[in-house]
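# A structural walkthrough
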Amino acid sequence: MSVTLKDVAQAARVSVSTASRALTGTGLTSERTQQRLLRIARELGYRPNPIARGLKTGQSRLVALLVHNLTNASFQVMAEVVQARLKALGYQMLLCIGGDDPQQESDTLTTLVDHRIDGLIVVPTGKNGAQLKALSKDVPIVCLVRRDDATDLETVLADDPQGAYLGTRHLIELGHKRIGLIVGRQDTTSGRERLSGYVRALREAGIPRDDTLIHAGHYVPETGATCARKLLDLPRPPSAIFVANHEATLGVLRVTAERNIAIPDDLSLLCYEDMPWFEWHRPAISIVDNGARDLANLAVDRLLHRMDAKGNGNDGVREYRVGARLVQRDSCRRIGAPAPAKSGRSKSSSSKSSAAKSAKV
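Residues numbered from 1 in each chain as written. Predicted model: local features only at pLDDT ≥ 70, side-chain atom pairs only at ≥ 80, totals over all residues. Heavy atoms only, no water.

The next point concerns the nonpolar core. One finds Leu181, Ile182, Tyr198, Phe242, Val243 and Leu269 to be the most contacted residues of the largest nonpolar core, which totals 48 residues. Not counting residues within four places of it along the chain, the set of residues in contact with Val243 comprises Ile182, Ala248, Thr249, Val252, Leu269, Leu270, Cys271 and Tyr272. By size, the runner-up hydrophobic cluster in this structure holds 28 residues, among which are Val63, Met78, Leu298 and Leu303. (Core = buried A, V, L, I, M, F, W, Y, C linked by side-chain atoms within 4.5 Å. Buried < 20%, exposed > 50% of the residue type's maximum accessible area, 1.4 Å probe, protein only. Contact = heavy atoms within 4.5 Å.)

Structure (structure tokens):
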């Protein structure tokens, strides 16, 4: 049987209200009384009921992070950052996995309302804008990685157009003209913007867009495998593939291994978003880094600001961008050049790396 606040109060021979004030650090209780009650609570094994406390105070001290999966290393980094930041401030993070599925996202949002969360950071599917907008009337919300076009929620995004442009331009500068692109769904912010950066780089280089080289799909490894096979089975396959969908990278690497395709001798490979083993892989894989850690920190900053401002007026909703960065390793080869020496070392190209914010139009 669990120990209640009443049990602690009886053991300390004080009223329940005095015990409550002492254990929560609120109200007028002496330091000596508070320390005595804390000691008795520990000895009895008392644990406060956060739901009951939330009903009484109007604060659950729970903040939710809703992401699509944990296959994507960026989401792993974001979860670690958000959890550490919130824990330092006395909040608990509820990590929710939506599977990039609108129904699962909707069900999760309903559950979070029942838990009376104090705030929400969400990577939206883009299909539940009305529900998010209704929830935002009571719960501060920040969208991360993607914008939900049906809402005016505060949003923190990577500079995906610039990141995809930098990556594609790098391949062009290495002499590649047939560059395959595997990108996310075009009904998502990241999918559309990464495609736009790719197209912009081709246009500036005078290379015609070839839709047979462009494949979009869901954010899963199977997308990478399916799209890689289609690209490599073309009569004129690409000399380089830019995988602008992080989860798809796993599928692409599987196909290249199955077909004994040597990277970068037979095919140059550039991936969007980093994970530790990309640098450990041989050859080390060149990437466009979206700044996952900076994205998460900025999202927490904005959420805390909105939680603090709740009930004190709205200072306007903004969209923020974190710069992308090209990291050159060993998986991309200059056309006509001998195979590069094998190395795990990285070179960072010059690109925008600081966070820039702009008012949403």
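Don't stop here, the text continues.
This part covers the environment of Ala228. Within the secondary structure layout, Ala228 lies in helix α10 (residues 221–232). Of the residues examined, Ala228 reaches a relative accessible area of 1% and is grouped as buried. Ala228 sits 23 residues away from Gly251 along the chain, and the two C-alpha atoms are 7.8 Å apart. Residue contacts for Ala228: discarding those within four places in its chain leaves Ile182, Val252 and Val255. (Helix = DSSP H or I, 4+ residues; strand = E, 2+ residues; numbered from the N terminus.)

This part is about the pattern of salt bridges. What the rule picks out here adds up to 26 salt bridges. Linking Arg39 and Glu43 is a salt bridge whose minimum nitrogen-to-oxygen distance equals 3.3 Å. One end of the pair, Arg39, and the other, Glu43, are both in helix α3 (residues 31–44), 4 residues apart, so they sit about a helical turn from each other. One salt bridge in this structure joins Glu279 and Arg329, with 3.9 Å as the shortest N-O distance. Taken together, the residues span a long stretch of sequence, with Glu279 in helix α12 (residues 276–280) and Arg329 in the loop between β12 (325–328) and β13 (347–348) at a distance of 50 residues. Shared partners join several salt bridges into a network, and the residues in it are Arg147, Asp149, Arg192, Glu193, Glu319 and Arg321. (Salt bridge = Lys/Arg side-chain N within 4 Å of Asp/Glu carboxyl O.)

Turning our attention to the packing of aromatic side chains. Tallying each qualifying case throughout the model produces 2 aromatic pairs. For the ring pair Phe242 and Tyr272, a centre distance of 6.3 Å and an interplane angle of 25 degrees mean the geometry is stacked. You can see Phe242 sitting in strand β8 (residues 240–244) and its partner Tyr272 sitting in strand β9 (residues 268–272), a full 30 residues away along the chain. Assigned by exposure class, Phe242 and Tyr272 land together as buried. Look at Trp277 and Phe278: their rings are 5.1 Å apart centre to centre, the planes differ by 80 degrees, and that puts the pair in the edge-to-face class. Sitting above the plane of the Tyr219 ring, Arg146 keeps its charged end 4.8 Å from the centroid. The ring of Tyr272 is capped by Arg194, whose NZ or CZ atom sits 4.0 Å from the centre of that ring. (Phe/Tyr/Trp six-rings, centres within 6.5 Å; stacked < 30°, edge-to-face > 60°. Lys NZ or Arg CZ within 6 Å of the ring centre and 35° of its normal.)

Our next topic: the pairing of strand β11 (residues 318–322). Taking burial as the measure, the 5 residues of β11 include 4 buried ones, the bulk of the element. Pairing analysis gives 4 bridges linking strand β5 (residues 154–158) to β11, with the strands arranged parallel. Each bridged residue has a counterpart across the sheet, and for Ala158 the counterpart in β11 is Val322. (Pairing = 2+ DSSP bridges.)

Let's shift gears to the side chain of Thr108. Relative to the assigned elements, Thr108 resides in helix α6 (residues 102–114). When its relative accessible area of 15% is taken as the criterion, Thr108 is described as buried. Each residue touching Thr108, except ones within four places of it in the same chain, is listed here: Leu66 and Cys96.

Turning our eyes to something else, we now look at the environment of Ala22. Among the secondary structure elements, Ala22 is positioned in helix α2 (residues 16–24). As for Ala22 and Arg32, which are separated by 10 residues in sequence, their C-alpha atoms are 9.9 Å apart. Excluding anything up to four places from it in sequence, Ala22 contacts Thr29, Gln34 and Leu37.

Here we take up the state of the cysteines. One pass over the structure, following the stated rule, counts 0 disulfides. Cys271 takes part in no disulfide bond, and the closest cysteine sulfur, belonging to Cys332, lies 8.3 Å away. (Disulfide = S-S within 2.5 Å.)

Chain-level statistics for the protein give a pLDDT mean of 88 and a share of 87% at 70 or above. Confidence drops under a pLDDT of 50 for residues 348–361, and excluding neighbours within four residues, the segment shows 32 contacts in the predicted structure. (pLDDT = per-residue confidence, 0-100.)

All right, on to unusual backbone geometry then. The omega torsion across Ile263 and Pro264 is 5 degrees, close enough to zero to call that bond cis. Omega for the peptide link from Arg282 to Pro283 comes to 5 degrees, which places this bond in the cis form. Note on placement: Pro283 falls in the loop between α12 and β10 (286–289). Positive phi, normally seen in glycine, also occurs at Arg61, with a value near 60 degrees. Looking at the secondary structure, you find Arg61 in the loop between α4 (50–57) and β1 (62–67). Residue classification places Arg61 among the partly exposed positions, given a relative accessible area of 24%. Phi at Asn260 takes a positive value of approximately 55 degrees, unusual for a residue other than glycine.

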